[in-house]
Amino acid sequence: MKYREFGKSGLKVSALGFGCMRFPTLGDDNKAIDEPEATRMLRHAIDSGVNYVDTAWPYHGGNSEPVVGKALQDGYREKVVLATKLPIYSVKTAEDFDGFLNQQLEKLQTDHIDIYMVHALNRQRWAFAKELGILDWLQKPKEDGRVGQIGFSFHDQYEVFEEIINDYDQWDFCQIQYNYMDINEQAGVKGLKLAVEKDLAVIIMEPLMGGKLADVPAPVDKIFKAADADRTPVDWALQWLWDQPEVAVILSGMSNMEQVEQNLVSAENSGIGTMTDAEKTVIDEARGVYKNLMPIHCTNCQYCLPCPSGVFIPRIFEHYNRGVAFDNFGTSRFRYGQMPAEEHATQCIECGQCEEACPQNLDIIEWLKVAEKVLGEEKAEYDPSIHPEH
């Protein structure tokens with residue numbers, strides 16, 4: 001197993017981290033973890049050198065933390081850097097900060113958590129947390145020994161990421177969604193660079209976009225196979241991340257032993273600066289094919305902004321495009337729903353100012369109607385025939 005520096009902490013963490021949100025289950029009930037198999041997988045990964053284990057309060061309907069706590073008995077707790085998360089979305093009062101942390105210590109059967117983060121921050125949650133006094137609280141569990149390192153995980157736009165980092169100068173790390181398709185989404189590569197400039201360790205989540213970069217469409221698979229017939233899309237995606245010196249650890253939510261074994265091999269072959277220019281070109285080509293699968297040819301130039309009605313046109317188009325390209329509108333609808341209502345397509349008054357400014361000559365008004373129909377309240381099934389050019 002390869003190991004990396006975890007920011008300025010002095011910790012050495014395995015390149016591969018075990019994400020405990022996709023344990024094998026008994027049937028279709030996500031809460032019913034197959035505990036013997038989950039324990040076998042986790043302990044095998046640790047025996048093979050993985051020393052970073054990540055869980056959270058809501059994973060598997062609240063059952064991930066207790067299962068991890070049991071699996072880390074018999075001496076395994078001492079072998080790992082253990083991470084979990086404050087469920088800020090469930091916090092109601094300032095007393096809940098300590099309340100949740102103390103419950104998590106019990107569930108995990110430990111007296112300290114090495115890596116503790118405020119979970120899934122966005123603009124609204126961060127504002128609420130600050131109102132409750134989280135900035136005054138964050139250092140306390142470090143001082144009393146319940147927590148080793150303090151940080152946050154993030155799901156919003158770069159501007160919010162920058163605000164969170166600048167609001168507190170004692171963050172130890174951050175956890176961001178980042179992969180070869182998300183270089184300009186959420187924190188993106190700008191956030192990655194900013195975090196390192198601030199001496200924060202960077203943990204990568206969703207390296208495969210929830211599995212979408214593992215089960216790639218035929219045109220993308222063709223590109224990878226032409227470059228190396230024996231190499232999987234998963235390995236391409238992971239090696240692209242491990243090549244970057246800013247990455248401390250990549251989390252993988254593994255659901256079966258085969259995935260554990262494959263990821264262990266991939267991690268063993270990882271290294272900073274080891275990806276060739278030719279291999280990086282393959283990744284660029286794959287990204288380009290995905291973009292060509294996106295029906296709205298928006299370049300995010302933002303000439304259409306500001307919209308007089310407040311509609312955030314490029315972001316709406318990005319959510320719709322990704323739903324089409326990855327054949328997954330569930331995520332796109334969720335992201336659209338997280339946008340402020342005043343930025344939704346429903347606010348469009350069809351003034352036409354955006355279309356006059358658009359250098360791509362897009363039928364923006366009609367595309368907004370399509371996006372709202374599929375992403376908004378109607379949640380219609382995707383149908384290419386409803387596109388403006390048809």
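For the structure itself, consult the block above.
Here's what I pulled together on the structure shown here. Since the structure is predicted, the reported quantities are computational estimates derived from the model, not experimental observations.

### Some points on the nonpolar core
Then, number 1: With 90 residues, the main nonpolar core has Phe18, Ile134, Phe152, Phe161, Trp171 and Tyr180 as its most contacted residues.
Then, number 2: Examining the composition of this core, we find that six residues originate from one element, helix H10 (residues 233-242), more than from any other.
Then, number 3: Apart from the residues lying within four places of it in its own chain, the contact partners of phenylalanine 152 are Met117, Val118, Leu121, Phe161, Ile164, Ile165, Trp171, Phe173, Cys174 and Gln175.
Then, number 4: In this structure, Phe317, Ile364, Val370 and Ala371 belong to the second largest nonpolar core, which totals 24 residues.

### So, empty space enclosed by the protein
Then, number 1: Tallied over the entire structure, the rule returns two cavities of 30 Å³ or more.
Then, number 2: Volume-wise, the largest cavity comes out at about 90 Å³.
Then, number 3: Lining the largest cavity are 14 residues, and of these Cys298, Cys301, Cys304, Cys358 and Leu362 sit closest to its centre.
Then, number 4: In this structure, the second largest cavity occupies an estimated 70 Å³ of space.
Then, number 5: Taken together, 13 residues make up the lining of the second largest cavity; nearest its centre are Cys307, Cys348, Glu350, Cys351 and Cys354.
Then, number 6: Taken together, the residues that form the lining of the second largest cavity break down as 10 nonpolar, two polar and one charged.

### Looking at the packing of aromatic side chains
Then, number 1: Inspection of every chain in the model, using the stated rule, returns 15 aromatic pairs.
Then, number 2: Ring centres of phenylalanine 154 and phenylalanine 161 lie 5.2 Å apart, and the angle between their planes is 70°; on these two criteria the pair is classed as edge-to-face. The same class applies to phenylalanine 154 as to phenylalanine 161, namely buried.
Then, number 3: Measuring from centroid to centroid gives 5.4 Å for phenylalanine 224 and tryptophan 236, while their planes differ by 15°, and the two rings are stacked. Residue phenylalanine 224 is found in helix H9 (residues 218-227), and its partner tryptophan 236 is found in helix H10; the two are separated by 12 residues along the sequence. Here phenylalanine 224 and tryptophan 236 have matching classes, each one buried.
Then, number 4: Here the aromatic residues Trp126, Phe152, Phe154, Phe161, Tyr168 and Trp171 are joined through ring pairs into a cluster of three or more.
Then, number 5: One Lys or Arg, lysine 79, reaches over the ring of tyrosine 76 and ends 4.5 Å from the middle of that ring.
Then, number 6: Between the NZ or CZ atom of lysine 107 and the centre of the ring of tryptophan 57, over which it lies, the distance is 3.8 Å.

### Description of the packing of helix H13 (residues 313-325) against helix H14 (residues 329-338)
Then, number 1: Contact pair H13 / H14: the axes reach a minimum separation of 8 Å and the direction vectors enclose 165°. Here H14 runs roughly antiparallel to H13, going by the angle between their axes. Where H13 crosses over H14, the two elements pack in a sense that is right-handed. Residues Ile316, His319, Tyr320, Arg322, Gly323 and Val324 of H13 pack against Phe329, Ser332, Arg335 and Tyr336 of H14.
Then, number 2: Split into classes, the residues belonging to the contact of H13 with H14 amount to five nonpolar, three polar and two charged.

### With respect to the state of the cysteines
Then, number 1: Inspection of every chain in the model, using the stated rule, returns zero disulfides.
Then, number 2: No disulfide involves cysteine 354; its sulfur sits 6.1 Å from that of cysteine 351, the nearest cysteine.

### Comments concerning the sheet that holds strand S6 (residues 113-121)
Then, number 1: Spatially, the eight strands close up into a barrel ordered S3-S4-S5-S6-S7-S8-S9-S10, and their pairing is parallel. Strand-to-strand, the axes of this sheet are offset by a mean angle of 30°, without reference to chain direction.
Then, number 2: Two strands pair when backbone bridges link them, and strand S8 (residues 173-177) and strand S9 (residues 201-205) are joined in this way by five bridges, in the parallel orientation. Across the sheet, residue glutamine 175 finds its bridge partner in S9, namely isoleucine 203.

Rules behind the numbers
- Residues numbered from 1 in each chain as written.
- Predicted model: local features only at pLDDT ≥ 70, side-chain atom pairs only at ≥ 80, totals over all residues.
- Heavy atoms only, no water.
- Core = buried A, V, L, I, M, F, W, Y, C linked by side-chain atoms within 4.5 Å.
- Buried < 20%, exposed > 50% of the residue type's maximum accessible area, 1.4 Å probe, protein only.
- Helix = DSSP H or I, 4+ residues; strand = E, 2+ residues; numbered from the N terminus.
- Contact = heavy atoms within 4.5 Å.
- 1 Å grid on protein atoms, 1.4 Å probe; cavity = no way out; pocket = protein on both sides within 12 Å on 5 of 7 lines; lining within 4 Å.
- Points joined across faces, edges and corners; volume = space filled by probe spheres on them.
- Nonpolar A, V, L, I, M, F, W, Y, C, P; charged D, E, K, R; others polar.
- Phe/Tyr/Trp six-rings, centres within 6.5 Å; stacked < 30°, edge-to-face > 60°.
- Lys NZ or Arg CZ within 6 Å of the ring centre and 35° of its normal.
- Axes fitted to C-alpha atoms, helices over the stretch in contact; angles between N-to-C directions.
- Parallel < 35°, antiparallel > 145°, perpendicular 65-115°, else oblique.
- Left-handed = near helix turned anticlockwise from the far one by under 90°.
- Disulfide = S-S within 2.5 Å.
- Pairing = 2+ DSSP bridges.

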